[in-house]
Amino acid sequence: MLAKEPTHGYGLRARLRQSLGPLGESMNPGQIYVTLARLEKAGLVVCERADGLPERPERKVYALTPAGQQRVAAWLAEVGWPKPDLAEFHLKLVAAAAARLADPVELVAAQRRELLRRLREAQHAALAEPEGSAAVLLLEGVVLRLRADLRWLEACERAWSKIDDKSEDA
């Protein structure tokens, strides 16, 4: 979320809540500050004091360092789906679009290619198992999960394509 612009912890929390909807409501506000401190220690963000409101004279504003920007770019390019965190992938799409770092529809396409590759592998493995093998049931579960994830990616692509169309019309 800092890839778009520097902000303070409360601003990050508001962006996350807006991006995640109801899932963001259960977010522990303290976790944001713990995470920011870890990112600062790792050299991925810097913290500066900024003038605030009269009742809050000073605020900490966080910004990505060049190393942090590189890490965000690497995160956006990661293609993995062994155990998907749907909220993280959704945030990846939101961050990519907000900071204009990547096309969300292209990120969805990359994930789809990875899922299709894994689906083919699982189907081939199931066919290679002897009939009645207990492993076939497990592989069937993997195939069903991958198909469900592919349907969700189709929904993501439709939604982000509409958002792209609206922004082009503006």
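How each quantity is defined
- The residue count restarts for each chain, going from 1 along the sequence in the order it is written.
- Local features in this predicted model are restricted to residues of pLDDT 70 or higher, and side-chain atom pairs are both shown and tallied only at a pLDDT of 80 or more, whereas totals for entire chains, interfaces and linings draw on every residue.
- Hydrogens and waters are ignored; side-chain quantities use all the structure's heavy atoms.
- Labels follow the DSSP assignment, with helices taken as runs of H or I lasting at least four residues and strands as runs of E lasting at least two, numbered in each case from the N terminus.
- Two residues form a contact once any of their heavy atoms are found within 4.5 Å.
- Working definition of accessibility: Shrake-Rupley area with a 1.4 Å probe, residue cover restricted to the visible protein chains.
- Each axis is a line fitted through C-alpha atoms, and for a helix only the stretch in contact is used; angles between axes span 0 to 180 degrees, taken between their N-to-C directions.
- All amino acids are sorted into three groups, where Ala, Val, Leu, Ile, Met, Phe, Trp, Tyr, Cys and Pro are nonpolar, Asp, Glu, Lys and Arg are charged, and the leftover types, Gly among them, are polar.
- Expected span of a helix, by definition, is 1.5 Å for each gap between consecutive residues, and there is one gap fewer than residues.
- Residue exposure (1.4 Å probe, protein chains only): buried if accessible area is under 20% of the type maximum, exposed if over 50%, otherwise partly exposed.
- Here a polar contact means two N or O atoms within 3.5 Å. Within protein one must be a hydrogen donor candidate and the other an acceptor candidate, and residues neighboring in sequence count only if both atoms are side-chain atoms.
- The arc in question is the one spanned by the directions pointing from the helix axis to the C-beta atoms.
- Within this scheme, the nonpolar core is defined by two criteria: the residues are buried Ala, Val, Leu, Ile, Met, Phe, Trp, Tyr or Cys, and they are joined through side-chain atoms within 4.5 Å.
- Whenever a carboxyl oxygen of Asp or Glu lies within 4 Å of a side-chain nitrogen of Lys or Arg, that contact is scored as a salt bridge.

Draft legend 1. Region of interest: the overall build of the protein chain. Of the regular secondary structure elements, the protein chain holds 7 helices and 2 strands. Overall, the protein chain shows an N-to-C arrangement of helices and strands of α-α-α-β-β-α-α-α-α. Sequence-distant contacts, at least 24 apart, represent 51% of the contacts inside the protein chain between residues at least 6 apart. When the accessible surface of the protein chain is totalled, it reaches about 11,000 Å², and 55% of it is carbon and sulfur.

Draft legend 2. Layout of the packing of helix 5 (residues 86–98) against helix 6 (residues 104–128). For the pair helix 5 and helix 6, the least separation of the axes is 9 Å and the interaxial angle reads 145°. Residues Phe89, Lys92, Leu93, Ala96 and Ala97 of helix 5 form the contact with helix 6, whose participating residues are Pro104, Leu107, Val108 and Gln111. Here the residues of the contact of helix 5 with helix 6 sort into 7 nonpolar, 1 polar and 1 charged.

Draft legend 3. Inspection of unusual backbone geometry at higher detail. The backbone of Arg100 sits at a positive phi, close to 55°, despite the residue not being glycine. On the secondary structure map, Arg100 appears in the loop between helix 5 and helix 6.

Draft legend 4. Seen up close, helix 6. Counted at 1.5 Å a residue, the expected span for helix 6 with its 25 residues is 36 Å, and the 36 Å between its end C-alpha atoms agrees. All buried positions along helix 6 are accounted for by Pro104, Val105, Leu107, Val108, Ala109, Ala110, Gln111, Arg112, Glu114, Leu115, Leu119 and Ala122. For helix 6, the N-terminal cap is Asp103; the gap from its side-chain oxygen to the backbone nitrogen of Val105 is 3.0 Å.

Draft legend 5. Main features of the side chain of His8. Inspection of the secondary structure puts His8 in the segment before helix 1 (9–20). A residue is classified by how much of its surface remains accessible, and His8, at 19% relative accessible area, is buried. Setting aside anything within four residues of it in sequence, one finds His8 in contact with Arg59, Lys60, Val61 and Tyr62.

Draft legend 6. Spotlight on the environment of Ala159. Along the chain, Ala159 falls in helix 7 (residues 134–169). Ala159 gets classed as partly exposed once you look at its relative accessible area, which sits at 37%. On a C-alpha basis, the gap between Ala159 and Val105 in space is 9.1 Å, while along the polypeptide they are 54 residues apart.

Draft legend 7. Just helix 4 (residues 66–77), in detail. Between its first and last C-alpha, helix 4 extends 17 Å over 12 residues, near the 16 Å set by a 1.5 Å rise per residue. Taken as a whole, helix 4 has its buried residues at Gly68, Val72, Trp75 and Leu76. On an axial view of helix 4, the arc spanned by its buried residues comes to 100°, and they lie on one face. More than 90 degrees from the buried face of helix 4, the exposed residues found are Pro66, Gln70 and Ala77.

Draft legend 8. Region of the structure containing the nonpolar core. In terms of nonpolar packing, the biggest core is built from 31 residues, with Leu2, Ile32, Leu36, Leu76, Leu93 and Val108 touching the most fellow members. Sorting the residues of this core by element identifies helix 1, helix 3 (29–41), strand 2 (56–64), helix 4, helix 5, helix 6 and helix 7 as the ones contributing at least two each.

Draft legend 9. Structural detail: the pattern of salt bridges. Inspection of the entire model under this criterion finds 7 salt bridges. Notably, a salt bridge pairs Glu157 with Arg112, separated by 2.7 Å at the nearest N-O pair. One end of the pair, Glu157, is in helix 7; the other, Arg112, is in helix 6, and 45 residues separate them in sequence. In this structure Glu157 comes out as partly exposed when scored by relative accessible area, which is 27%. Taking relative accessible area as the criterion, Arg112 reaches 19% and is therefore assigned buried.

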